[in-house]
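# Analysis of the macromolecular model
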Amino acid sequence: MFPTRTYRARLQITNWILIILLSVLTVYLIWEGNGLLIAASLVFLLIVIERSIHTEYKLSQTELTISNGKLSKIVVVPVSDIKRIERIRKVRIGHKALITYLIVVYGDEKTVSVIPQHEEDFINQIMKIKQS
């Protein structure tokens, strides 16, 4: 019997860049005084920050539950349906990849991407559950 494990999402450099750009845009719009665009940029900034901070992956004996924050719907993937996990590395500088994430392939070739903080532990736990 495996206990339920919770993995937090890792904030990547792209998240930080998007948050900084949206903050600069919001400050500029406040400076210009356009109320409707200020409200739209603030809502978008709120959604991006909320999804970045509150994304988590819960792995239990039977299912992987992906929650992208309170404003998003929850995705449930049965562990028995997981066929493979692919590691994707993009935007390389030398031998270092700036963007890394995992693609979980399940069911009839459905995919979902995850960015857990501890990728190796996440993959090992799924493999242990599938083998038991």
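For the structure itself, look to the data block above.
To start, this report covers the structure provided alongside it. What you see is a predicted model; the values in this text were computed from it and never measured.

Of the regular secondary structure elements, the protein holds 3 helices and 7 strands. Walking the protein from its N terminus toward its C terminus, one meets helices and strands in the order β-α-α-β-β-β-β-β-β-α. Here the protein has a C-alpha radius of gyration of 18 Å; the compact-globule value for 132 residues is 14 Å, and the former is much larger. For the C-alpha atoms alone, the extent of the protein along its principal axes is close to 60 × 35 × 25 Å. By the burial criterion, 36% of the 132 residues in the protein qualify as buried.

For the rest of this paragraph, the subject is the packing of aromatic side chains. Each aromatic ring pair is described using two quantities: the centre-to-centre distance and the angle formed by the ring planes. Taken as a whole and assessed by the stated rule, the structure comprises 2 aromatic pairs. Note on tyrosine 7 and phenylalanine 122: the rings are 5.2 Å apart at their centroids and 90 degrees apart in plane angle, and the pair reads as edge-to-face. Here tyrosine 7, found in strand S1 (residues 5-8), pairs with phenylalanine 122, found in helix H3 (residues 119-131); they are 115 residues apart in sequence, far enough to count as distant. For tyrosine 7, a relative accessible area of 3% puts it in the buried group.

So, on to the pattern of salt bridges. Counted under the stated rule, the structure contains 9 salt bridges. Here glutamate 86 ties to arginine 84 by a salt bridge, and the two come within 2.7 Å at their closest N and O atoms. Of the residues examined, arginine 84 reaches a relative accessible area of 37% and is grouped as partly exposed. Ionic pairing is found between glutamate 109 and arginine 84, a salt bridge with its closest N-O pair at 3.6 Å.

Before going further, it helps to spend a moment on the packing of helix H1 (residues 13-32) against helix H2 (residues 35-54). One can describe the packing of H1 onto H2 by two numbers: an axis separation of 9 Å at closest approach and a directional angle of 160 degrees. What the angle tells us is that H1 and H2 run roughly antiparallel. The interaxial crossing formed by H1 with H2 has left-handed handedness. Taken together, the residues of H2 that come into contact with H1 (itself represented by Asn15, Leu18, Ile19, Leu22, Ser23, Leu25, Thr26, Leu29 and Ile30) are Leu37, Ile38, Ser41, Leu42, Phe44, Leu45, Val48, Ile49 and Ser52.

This part is about the nonpolar core. Judged by nonpolar contacts, the single largest core of 19 residues is most densely connected at Tyr57, Leu59, Leu64, Ile82, Ile85, Val114 and Phe122. For this core, the secondary-structure elements that each account for two or more residues are strand S2 (55-59), strand S3 (63-68), strand S5 (82-93), strand S6 (96-106), strand S7 (110-114) and H3. Top element by residues in this core is H3. It accounts for 4 residues. Other than its neighbours up to four places away in sequence, isoleucine 82 contacts Val77, Val104, Val105, Tyr106, Ile126 and Lys130.

What follows covers H1. The first and last C-alpha atoms of H1 sit 29 Å apart over 20 residues, in line with the 28 Å expected at 1.5 Å per residue. Within H1 the residues assigned to the buried category are Ile19, Leu22, Thr26 and Leu29. For H1, the buried positions fall inside an angular range of 95 degrees around the axis, keeping them on one side. Exposed positions of H1 whose direction lies more than 90 degrees from the buried face are Ile20, Leu21, Val24, Val27 and Trp31.

Another aspect to go through is the sheet that holds strand S4 (residues 75-78). As a general point, the strands of a sheet are linked pairwise by backbone hydrogen bonds and lie either parallel or antiparallel. If you walk across this open sheet you meet the 4 strands as S1-S2-S3-S4, and the pairing is antiparallel. Of all strands in the sheet, those with a lone pairing partner are S1 and S4, marking the two edges. Strand-to-strand, the axes of this sheet are offset by a mean angle of 15 degrees, without reference to chain direction. Two elements, S2 and S3, share 5 bridges in a ladder whose sense is antiparallel. Following the sheet pairing, lysine 58 is matched in S3 by threonine 65. Across the face of the sheet, H2 comes into contact with S1, S2 and S3 while running at roughly 30 degrees to S2.

Basis of the calculations
- Residues numbered from 1 in each chain as written.
- Predicted model: local features only at pLDDT ≥ 70, side-chain atom pairs only at ≥ 80, totals over all residues.
- Heavy atoms only, no water.
- Helix = DSSP H or I, 4+ residues; strand = E, 2+ residues; numbered from the N terminus.
- Rg over C-alpha atoms; globule rule 2.2 N^0.38 Å.
- Buried < 20%, exposed > 50% of the residue type's maximum accessible area, 1.4 Å probe, protein only.
- Phe/Tyr/Trp six-rings, centres within 6.5 Å; stacked < 30°, edge-to-face > 60°.
- Salt bridge = Lys/Arg side-chain N within 4 Å of Asp/Glu carboxyl O.
- Axes fitted to C-alpha atoms, helices over the stretch in contact; angles between N-to-C directions.
- Parallel < 35°, antiparallel > 145°, perpendicular 65-115°, else oblique.
- Left-handed = near helix turned anticlockwise from the far one by under 90°.
- Contact = heavy atoms within 4.5 Å.
- Core = buried A, V, L, I, M, F, W, Y, C linked by side-chain atoms within 4.5 Å.
- Expected span 1.5 Å × (residues − 1).
- Arc of directions from axis to C-beta.
- Pairing = 2+ DSSP bridges.

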